[in-house]
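Examination of the molecular architecture
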Amino acid sequence: MARRILSFVCQNCGAAYGRWQGKCDACGEWNTIAEETASTARPAMPGRAPRKGRLFALEPLSGEAHDAPRLASGVAEFDRVTGGGFVRGSVLLLGGDPGIGKSTLLIQVAATLARGGHRAVYISGEEAVAQVRLRAERLGLAGAEVALAAETSVEDIIATLSERDTPRLVIIDSIQTMWTDVVESAPGTVTQVRGAAQALIRFAKRSGAAVILVGHVTKDGQIAGPRVVEHMVDAVLSFEGEGSHQFRILRAVKNRFGPTDEIGVFEMTGAGLREIANPSELFLSERDLGSPGTAVFAGIEGSRPLLVEIQALVAPTSLGTPRRAVVGWDQNRLSMVLAVLEAHCGVRLSGHDVYLNVAGGLRIQEPAADLAAAAALVSSLANAPLPPDAVFFGEVSLSGAIRPVAQTAARLKEAAKLGFARAVVPDAARAEAESGLSLKPVAMLSGLVADIAARGTRPARPDRRAVGDG
Ligand code: TYD
Ligand code: MG
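The structure reproduced in this document is the subject of the present report. Not measured: the values here are computed from a predicted model. (Residues numbered from 1 in each chain as written. Chains lettered and ligands numbered in written order. Predicted model: local features only at pLDDT ≥ 70, side-chain atom pairs only at ≥ 80, totals over all residues. Heavy atoms only, no water.)

Description of the overall build of the chain
Regarding its fold elements, the chain presents eleven helices and 23 strands. With the principal axes as the frame, the chain shows a C-alpha extent of 85 × 60 × 50 Å. Out of the 470 residues belonging to the chain, those deemed buried represent 48%. Here the contacts in the chain between residues at least 6 apart in sequence split such that 66% fall between residues at least 24 apart. (Helix = DSSP H or I, 4+ residues; strand = E, 2+ residues; numbered from the N terminus. Buried < 20%, exposed > 50% of the residue type's maximum accessible area, 1.4 Å probe, protein only. Contact = heavy atoms within 4.5 Å.)

Points about the sheet that holds strand S8 (residues 146-150)
Pairing within the open sheet is mixed, and its nine strands lie in the order S8-S7-S9-S10-S6-S11-S12-S13-S14. The open sheet is flanked by S8 and strand S14 (272-275), the only strands paired with a single partner. The mean angle between the axes of side-by-side strands here comes to 25 degrees, regardless of whether they run parallel or antiparallel. Pairing analysis gives five bridges linking strand S6 (residues 91-96) to strand S11 (residues 235-240), with the strands arranged parallel. Residue pairing in the sheet places Gly96 in a bridge with Phe239 of S11. Strands strand S7 (120-124) and S8 of the sheet are contacted by helix H3 (residues 129-138), whose axis makes an angle of about 145 degrees with S8. (Pairing = 2+ DSSP bridges. Axes fitted to C-alpha atoms, helices over the stretch in contact; angles between N-to-C directions.)

Looking at the site of ligand 1
Residues in contact with ligand 1 amount to 16 residues; listed here are only the nearest, Gly99, Lys102, Ser103, Thr104 and Thr269. At 3.0 Å, a backbone N or O of Gly101 approaches an oxygen atom of ligand 1. The separation between an oxygen atom of ligand 1 and a polar side-chain atom of Arg135 is 2.9 Å. Burial of ligand 1 by the protein chains amounts to 71% of its free accessible area of 560 Å². Elements represented by at least two residues in the shell around ligand 1 include exactly helix H2 (102-115), H3 and strand S13 (263-269). Looking at the shell around ligand 1, its residues break down into five nonpolar, seven polar and four charged. (Near = heavy atom within 4 Å. Polar contact = N/O pair within 3.5 Å; in protein donor to acceptor, adjacent residues only side chain to side chain. Areas by Shrake-Rupley, 256 points an atom, 1.4 Å probe, with all protein chains shown as cover. Nonpolar A, V, L, I, M, F, W, Y, C, P; charged D, E, K, R; others polar.)

Some remarks on the packing of helix H8 (residues 331-345) against helix H11 (residues 445-454)
Packing of H8 against H11 brings their axes to within 10 Å, and their N-to-C directions diverge by 85 degrees. In this view, H8 runs roughly perpendicular relative to H11, as classed from their interaxial angle. Listed contacts from H11 to Val340, Leu341, His344 and Cys345 of H8 are Leu445, Ser446 and Val449. A per-class count over the contact of H8 with H11 returns five nonpolar, two polar and no charged. (Parallel < 35°, antiparallel > 145°, perpendicular 65-115°, else oblique.)

A short note on the pattern of salt bridges
Enumeration over the complete set of coordinates arrives at 18 salt bridges. The salt bridge partner of Arg304 is Glu77, with a shortest N-O separation of 3.1 Å. Here the residue Arg304 occupies a position in strand S16 (residues 304-316), and Glu77 occupies one in helix H1 (residues 76-82), the gap between them amounting to 227 residues. Overall, the relative accessible area of 10% leaves Arg304 in the buried class. Residue Glu77 is classed as buried on the basis of its relative accessible area of 2%. Between Lys417 and Glu414 there is a salt bridge whose closest N-O contact spans 3.4 Å. Here Lys417 pairs with Glu414, and both are found in helix H10 (residues 408-417), just three residues apart, close to one helical turn. The exposure class of Lys417 is exposed, given its relative accessible area of 59%. Its relative accessible area of 7% is what places Glu414 among the buried residues. Counted as one network, the salt bridges with shared partners bring together Glu240, Arg251, Glu301 and Arg363. (Salt bridge = Lys/Arg side-chain N within 4 Å of Asp/Glu carboxyl O.)

Structural notes on helix H9 (residues 370-382)
Two residues of an α-helix separated by three or four positions point the same way, owing to the 3.6 residues in each turn. Here H9 spans 18 Å end to end across 13 residues, near enough to the 18 Å set by a 1.5 Å rise per residue. Immediately beyond the C-terminal end of H9, within one or two residues, lies Asn383, with a positive phi of roughly 55 degrees. (Expected span 1.5 Å × (residues − 1).)

Here we look at the packing of H9 against H11
For the pair H9 and H11, the least separation of the axes is 9 Å and the interaxial angle reads 35 degrees. The handedness of the crossing between H9 and H11 comes out as right-handed. The segment H9 lies against H11, with Leu371, Ala374, Ala375, Val378, Ser379 and Ala382 engaging Leu445, Leu448, Val449, Ile452 and Ala453. Its residues assigned to classes, the contact of H9 with H11 comprises ten nonpolar, one polar and no charged. (Left-handed = near helix turned anticlockwise from the far one by under 90°.)

A word on the sheet that holds strand S18 (residues 352-358)
Adjacent strands of a sheet pair through backbone hydrogen bonds, lying either parallel or antiparallel. Judged by pairing direction, the sheet is mixed, and its seven strands sit side by side in the order S17-S18-S16-S15-S19-S22-S23 without closing on themselves. Lying at the two open borders of the sheet, with one neighbouring strand each, are strand S17 (324-327) and strand S23 (438-442). Neighbour-to-neighbour, the strand axes of the sheet open up by a mean angle of 25 degrees, direction not taken into account. Its contacts with the sheet place H8 against S17 and S18, and it is angled at close to 130 degrees to S17.

By themselves, these figures tell us nothing about what the structure is for.
Here you go:
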């Protein structure tokens, strides 16, 4: 006998409960738990053999592979992040803080695509048509043939879009404002967002149109609404930037058709978003040359080298527990570098507050930044400016050794291109001579610390005999 089991499932995270409750213990969301029925193993129909299953052919791994057909948007920085343009029938979720420039970016993408002769539709659930027009006018895009509408009913939208020839790109701004008849709850609720997203994803797969959903971001940086939408779509992009800076960075968080480590760099100007083809120049444009506590890191973002300034401030603390604050880098990596400096290089930081900042509002994820961060920290502590024409890269291991990192040649080439003359690199990069830079290989972090401290006006390392428990 089939037994029907009632269970209560959180529509946000999928946790299951035996009874209804107002708050999901697993994800902390309220009112997301809904009743679902799940029947246990289905017994065979009486008098009939159980279905045997259809046979299908298995294929070898080798064989012809077709690249997903893509349509480049024409906005190079955007295409870099998606992996070369829109895949037919794919759905992309673009998240970002309110006011960061999502609508601006997408109207620019739609207009560029339309100028290339493709049909692009922009549906706004937040702004009136006149507002969208006004923005397009300000951006100088009023001439582009983008089809506009201010609509929020998913059924109406899909019916309208299915009527004429399918558009190549449909922008839904934003998914939180959409609602579908199929679900009864109010727009913006988890179930509505999920229902609307599901319907639009089905439309994309059926029609071959690429769909971009705009998603709002909550205070803690999550795309509001069910996490499941992130699992349902083919790619999740996030548009980020620091409030006070004009740079905006587009990053792929998930991408079924391309890389997730590429970034697109834009600058918000009075005439919309401007693409930044050479971000290093932008991130280094406001360097304060010759001040202690700054080091230039030669990094790699995706396939592109990116030079950025790392700034450190090490100052005596007045607190019992000194502060360790970091912006743009990983707090744990900072702790690790500080621990290595203390344990292996004789640098005493327990009486100092430490602040570390990546200039320009960029967020670095590479361990290769360890060496630059360490150099900046010691430079600040010892009041010893680092040579302004030097770049740093290398991973610091817990033993204090400097480990090699990938793509040494590309990092050095970018540094040479931007006029740097020296590079402080891991010992293993010694062989990369043809870059034109004068290389200073370091095997152990303590060697670099001693070098920097020797030029400083403040002792970075107290007399080592005085250090210790004695
Ligand atoms: P918007 O695209 O509306 O942000 P979102 O859709 O992510 O909420 O961008 C709003 C901000 O961008 C607004 O504060 C003004 C600024 N902006 C410019 O600086 N220049 C421009 O040309 C445009 C259109 C907007
Ligand atoms: Mg908007």
